[in-house]
Amino acid sequence: MIPSQMWKGILDGCVLKVISREETYGYEISEALKAFGFTEIAEGTIYPLLLRLERNGLIAATYRESPVGPRRKYFSITDAGLTELATFYNSWTQLASAIETLFEGGAQNASQSQSAQ
Amino acid sequence: MHPKAKALNKLNNQLDKQISKENQPLFTDMMVYLRGADISEVDQELVRRDMTEMVLSAQARGEGLEDLIKGDYKAFCDEIIASLPKKTPKQKWIDALDITFMALAILLPILTLLSKDFITMMGDVFAGRPNDLMMPITLGQALAIGFILLASLLIIRFITKTAFNIETTWHKVLLGLLAGLVFAGIFLLLISLNHIVLFSLHILVILGISLAFYLVHKVLERM
């Protein structure tokens, strides 16, 4: 289970990525994230985040008919959202490579110090 | 209420009926909590619409609110509030004045109609006795209006801020005490200070002022 503190910085980027693939809505986004192997992210966790992304102009919302009754809010990515997504992925790649180097380097250091004994 | 918020409110009240008995109490608590937040009425109703759709869709899947929001409901609401634009100081003033004028437009005629002088006046009018139709406005009435306004705002604030723990006994006791104090206070003010007449107004002037207050409220609610 990934702690929620760790999620905070990266969930925005992941949700943007899911929305960039096709117009979608809250529940579908949480299901998509689940399908990609993310630990369970409830629709309720995503909703405030969607409000924030919409307010910041990174996604745009349209209401469409839903089979349940009330019209459902569908989201699509904006140009500003695409730019943000590129920045996010860039930062993530840097971070991932730094962590990789740190941990691999750490393992090498450990084995080096073991062989020296 | 702003016309746009009012239209959404009407729609939401309709949809609200489809929310199941199991989900209703918690859903109501969440909406009450959002009502007390520093966000516009339109945003409150928009969130309510989104949330209603989410709950109804969850119900259709055989799920409940607890599947939708895992964990802390108050934290969830706080996150929503943090994601929305805060009311500007100007908007806060407009809203406060709007509520005040609306309350005055209701309280002024009520307190007038309930006063002893009004009953005497009507008696005179029906019996054909001479009456100048002047209503004395007493210190008791003026203070009662102020007291009711202040107490209502405090009670609303208390209810919205404690939406998620209203079931606890001490909250209920406190709320009861507060309401009791308000009624006792109004009663005492009216009884003890009713002999001090501040000024007198013609009954039609009082009704005219009430109508003017109502119109000011109607203008302010659209801002």
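About the cut-offs
Residues numbered from 1 in each chain as written. Chains lettered and ligands numbered in written order. Predicted model: local features only at pLDDT ≥ 70, side-chain atom pairs only at ≥ 80, totals over all residues. Heavy atoms only, no water. 1 Å grid on protein atoms, 1.4 Å probe; cavity = no way out; pocket = protein on both sides within 12 Å on 5 of 7 lines; lining within 4 Å. Points joined across faces, edges and corners; volume = space filled by probe spheres on them. Helix = DSSP H or I, 4+ residues; strand = E, 2+ residues; numbered from the N terminus. Nonpolar A, V, L, I, M, F, W, Y, C, P; charged D, E, K, R; others polar. Patch = residues over 30% accessible without salt bridge, like charges linked within 9 Å, V, L, I, M, F, W, Y side chains within 5 Å. Areas by Shrake-Rupley, 256 points an atom, 1.4 Å probe, with all protein chains shown as cover. Salt bridge = Lys/Arg side-chain N within 4 Å of Asp/Glu carboxyl O.

Student: What is the right way to look at empty space enclosed by the protein in this model?
Tutor: It is a probe the size of a water molecule, rolled over the atoms, that shows where empty space is left. By the definition in use, this model includes one cavity of 30 Å³ or more. Estimates place the volume of the largest cavity at around 150 Å³. Lining the largest cavity are 16 residues; nearest its centre among them are A:G26, A:E43, A:K73, B:E53 and B:M54. Elements represented by at least two residues in the lining of the largest cavity include exactly α2 (26-35), α3 (43-55) and β2 (72-77) of chain A together with α3 (41-60) of chain B. Broken down by class, the residue content of the lining of the largest cavity amounts to seven nonpolar, two polar and seven charged.

Student: How should I be thinking about the layout of surface pockets in this particular structure?
Tutor: Estimates place the volume of the largest pocket at around 1200 Å³. Taken together, 34 residues make up the lining of the largest pocket; nearest its centre are B:R35, B:K87, B:D95, B:I99 and B:L153. Of all the secondary-structure elements, those providing two or more residues to the lining of the largest pocket are α3, α6 (89-114), α8 (139-161) and α10 (203-221) of chain B. The biggest single contributor to the lining of the largest pocket is α6(B), with 10 residues. For the lining of the largest pocket, the class distribution of residues is 15 nonpolar, nine polar and 10 charged. By volume, the second largest pocket amounts to about 670 Å³. Lining the second largest pocket we find 23 residues, and of these A:S4, A:W7, A:L11, A:T45 and B:E79 sit closest to its centre. Only α1 (4-21) and α3 of chain A together with α5 (73-83) of chain B provide two or more residues apiece to the lining of the second largest pocket. Per-class residue counts for the lining of the second largest pocket are 12 nonpolar, four polar and seven charged.

Student: Just checking my understanding: could you explain a nonpolar patch on the surface for this structure?
Tutor: Together, A:Y89, A:W92, A:L95, A:I99, A:L102 and A:F103 make up an exposed nonpolar region whose accessible area comes to about 680 Å². Secondary-structure assignment places A:L95 in helix α4 (residues 79-116).

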